[in-house]
Amino acid sequence: YKDVSSTAMAALALKESQSGFDQGLLAANHLLTLSDTCWPANNCQVKDTALVLAVLDSYSKDTDKILEWFSNSQTPASATGNWYLEIITSNSGTCKVSYLASEKQVKVSNSHFPDCQNSTFFDLNTCLEPGLLTKNPSIDFNVNCASLSSTKIAMVYQIGNSYYLISEAATSQTTLPVRNACYGLTAKSACAVEPSLYANFGLKKARSELTVIPWLEDNYLKTNALQTALLYLSTQNVDQLTSLKQTQATDGSFDSNVYTTAIATLALKEGGSTQEFESAKAWLILKQRPDGSWGDILTTAAVLYAIYDGEQITFGQIITPGTSEIPTSFCGDGYCDSGESSSTCPADCEEISEPESFCGDNVCDADESSSTCEVDCPKGGFPFFTIFFILILLGTAVWLYFKFYKKGGS
């Protein structure tokens, strides 16, 4: 379907229909002929690859190489936030923190860290190793506090005055993940919100532990419906769903944009917001074009994916790439062919009916005058009754001539 993103979105939409699985599988298999790692193969894009990841996982294809590509394509986030280790205990002792190929001893006393400003928060980017998280966007920390009893170990991410509990375990040993990363347009490029959102969407669909949610929560625009909807599809955060619903217009749309409304509708459906979903769906249906589409392939597929899942589909001719089996005439080619009519293909055969009378038909009709249609009723012209009166006068004059003048002469 034209390009990678359109083909992927179409495959997702087809799979959700009652009878489109096989056709969607054709699209998924076609994507695999182009690459098995990232897409497009000659210029890998994060958004394209994320949508393909979602497709291949939904069709139970092997995605190991793609997940490895995403792992190697992260960019360390220049985040303003901080990653903190918390060890809640009333005892004193030492915990072993292992990461990458290193192991450090961390002193703990009554939930405080004597070697880290005696704070209850242990800053992993400064107190453990300066610049550690800046250089390594994704790290798993194994924390072993076996020498302490009755401990609770937690990982906290702080942005401004907001604190996010990333993970927590009431145990003496656990593994805590730190995801201090983002994605750009391509591998290891500068952080960008949109590709990071699509990356997280694909990774979530594939149930990967990779995530860039901490960076996204600090950088997405809450007033942007598309960004909020995509983020909610990854986080299922009720606050984000609430923000999304607040951006919906009274006509049901989001930003009066079909693609944005489709993605937002998908989020509303997953969030169980029935009233808002039905309103958005009604607006989308009104925007359908005479040829059945919503404009381009990507947008049409997004609408189908959002509001027409579970529908029965009938398929016409499937065009095989590289063959000459493309039909010479079809509905939507701009020509009204012999087998088409205004009822079967209004896009090509628009029914045009001219009025029986109109200004410019050279007939001065009853509802026309020199002031409303001078071309048909010119000023100074001779109306019919005037001509009839003149003819009567001429006829009378001829009769009088023959009756009296001619008779007197004889």
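The numbering scheme is per chain: residues are counted from 1 as the chain's sequence reads. Thresholds applied to this predicted model are a pLDDT of at least 70 for local features of residues and 80 or more for the giving and counting of side-chain atom pairs; totals over whole chains, interfaces and linings are not thresholded and use all residues. Only hydrogens and water are set aside; all other atoms, that is, all heavy atoms of the structure, feed into the side-chain values.

Student: I'd like a description of the overall build of the chain, backed by residues and values.
Tutor: Scanning the chain from terminus to terminus reveals 14 helices and ten strands. Buried means the residue's accessible area, taken with a 1.4 Å probe over protein chains only, is under 20% of the maximum for its type, while exposed means over 50%, and partly exposed covers the values in between. Here the chain, with 410 residues, has 40% of them falling under the buried criterion. Each accessible area is a Shrake-Rupley result for a 1.4 Å probe, and residues are judged covered by the shown protein chains and nothing else. Looking at the chain as shown, the accessible area adds up to about 22300 Å², and 52% of this sits on carbon and sulfur atoms. Runs of H or I in DSSP of at least four residues are treated as helices and runs of E of at least two as strands, each being numbered from the N terminus.

Student: If you had to explain the sheet that holds strand β4 (residues 102–109) to someone new, which residues and values would you point to?
Tutor: In spatial order, the strands read β4-β3-β6-β9; together these four strands make up an open sheet with antiparallel pairing. With one partner strand each, in any of the chains shown, β4 and β9 (173–179) form the two edges of the open sheet. Here the average twist between neighbouring strands, direction ignored, is 25°. When DSSP finds at least two bridges between two strands, those strands are taken to pair. Bridging between strand β3 (residues 92–99) and β4 involves eight bridges; their strand directions are antiparallel. Within β4, the position partnered with Ser92 by the bridge is Ser109. Axes here refer to lines fitted to C-alpha atoms; in helices the fit is confined to the stretch in contact. Angles between the N-to-C directions go from 0 to 180 degrees.

Student: Talk me through the pairing of β3; I want residue IDs and the actual numbers.
Tutor: Linking two consecutive strands that pair antiparallel, namely β3 and β4, is a turn of two residues; a positive phi of about 50° is found at Leu100 within it. Two strands pair when backbone bridges link them, and β3 and strand β6 (residues 138–144) are joined in this way by three bridges, in the antiparallel orientation. Of the residues in β6, the one forming a bridge with Val97 is Val143.

Student: Break down the side chain of Asp57 for me, with residues and values.
Tutor: Mapped onto the elements, Asp57 comes out in helix α3 (residues 46–58). Asp57 sits in the buried class, given a relative accessible area of 16%. Excluding its chain neighbours within four sequence positions, the residues that come into contact with Asp57 are Thr63, Lys205, Ala206 and Arg207. A contact between two residues is defined here by any heavy atoms of the two lying within 4.5 Å.

Student: Describe the layout of surface pockets, with residues and values.
Tutor: Of the pockets and cavities examined, the second largest pocket occupies roughly 450 Å³. Elements that contribute at least two residues to the lining of the second largest pocket include exactly β8 (162–169), β9, α7 (193–205), α8 (213–219) and α9 (225–235). All amino acids are sorted into three groups, where Ala, Val, Leu, Ile, Met, Phe, Trp, Tyr, Cys and Pro are nonpolar, Asp, Glu, Lys and Arg are charged, and the leftover types, Gly among them, are polar. Here the lining of the second largest pocket is built from residues that sort into ten nonpolar, five polar and six charged. The rule is simple: put a 1 Å grid over the protein atoms alone, call a set of points where a 1.4 Å probe fits but cannot get out a cavity, call an open set with protein on both sides within 12 Å along at least five of seven lines a pocket, and count a residue as lining if it has an atom within 4 Å of a point. Grid points are joined across faces, edges and corners, and a volume is the space filled by probe spheres set on the points.

Student: Residue-level account of the pattern of salt bridges, with values.
Tutor: A pairing counts as a salt bridge when a side-chain nitrogen of Lys or Arg comes within 4 Å of a carboxyl oxygen of Asp or Glu. Under the defined criterion, the tally for this structure stands at six salt bridges. Between Asp140 and Arg179 there is a salt bridge; the shortest N-O distance is 3.0 Å. Note that Asp140 is positioned in strand β6 and Arg179 in strand β9, a separation of 39 residues in sequence.

Student: Mind laying out empty space enclosed by the protein, listing which residues take part and the relevant values?
Tutor: Summary: where empty space remains is shown by rolling a probe the size of a single water molecule over the atoms. For the structure on display, the rule yields one cavity of 30 Å³ or more. Counted as a void, the largest cavity has a volume near 60 Å³. Of all the elements in the fold, those that place two or more residues in the lining of the largest cavity are α1 (4–16), α7, α9 and α11 (258–270). Per element, the largest residue contribution to the lining of the largest cavity is three residues, and it comes from α11. Among the residues forming the lining of the largest cavity, the class breakdown is eleven nonpolar, no polar and no charged.

Student: Account for the packing of aromatic side chains, naming residues and giving values.
Tutor: Aromatic pairing here means that ring centres of Phe, Tyr or Trp (its six-membered ring) are within 6.5 Å. Orientation follows from the plane angle: under 30 degrees is stacked, over 60 is edge-to-face, and everything else is tilted. Summed over all chains, the structure comprises nine aromatic pairs. Ring centres 5.6 Å apart and planes at 90° place the aromatic pair Phe70 and Tyr183 in the edge-to-face group. Residue Phe70 is located in helix α4 (residues 64–72), and its partner Tyr183 is located in the loop between β10 (181–182) and α7; the two are separated by 113 residues in the primary sequence. Like Tyr183, Phe70 is buried. Ring-pair connections join several aromatic residues into one group, and the members of that group are Trp69, Phe70 and Tyr183.

Student: Tell me about the nonpolar core, and name the residues and values.
Tutor: Counting residues in each nonpolar core, the largest one holds 72 residues, and the members touching the most others are Met9, Phe70, Tyr183, Leu244, Tyr259 and Ile263. Residues contacting Tyr259, with those up to four places away along its chain left out, are Met9, Tyr198, Leu226, Leu298, Thr299 and Ala302. The definition of a nonpolar core used throughout is a set of buried Ala, Val, Leu, Ile, Met, Phe, Trp, Tyr and Cys residues joined through side-chain atoms within 4.5 Å.

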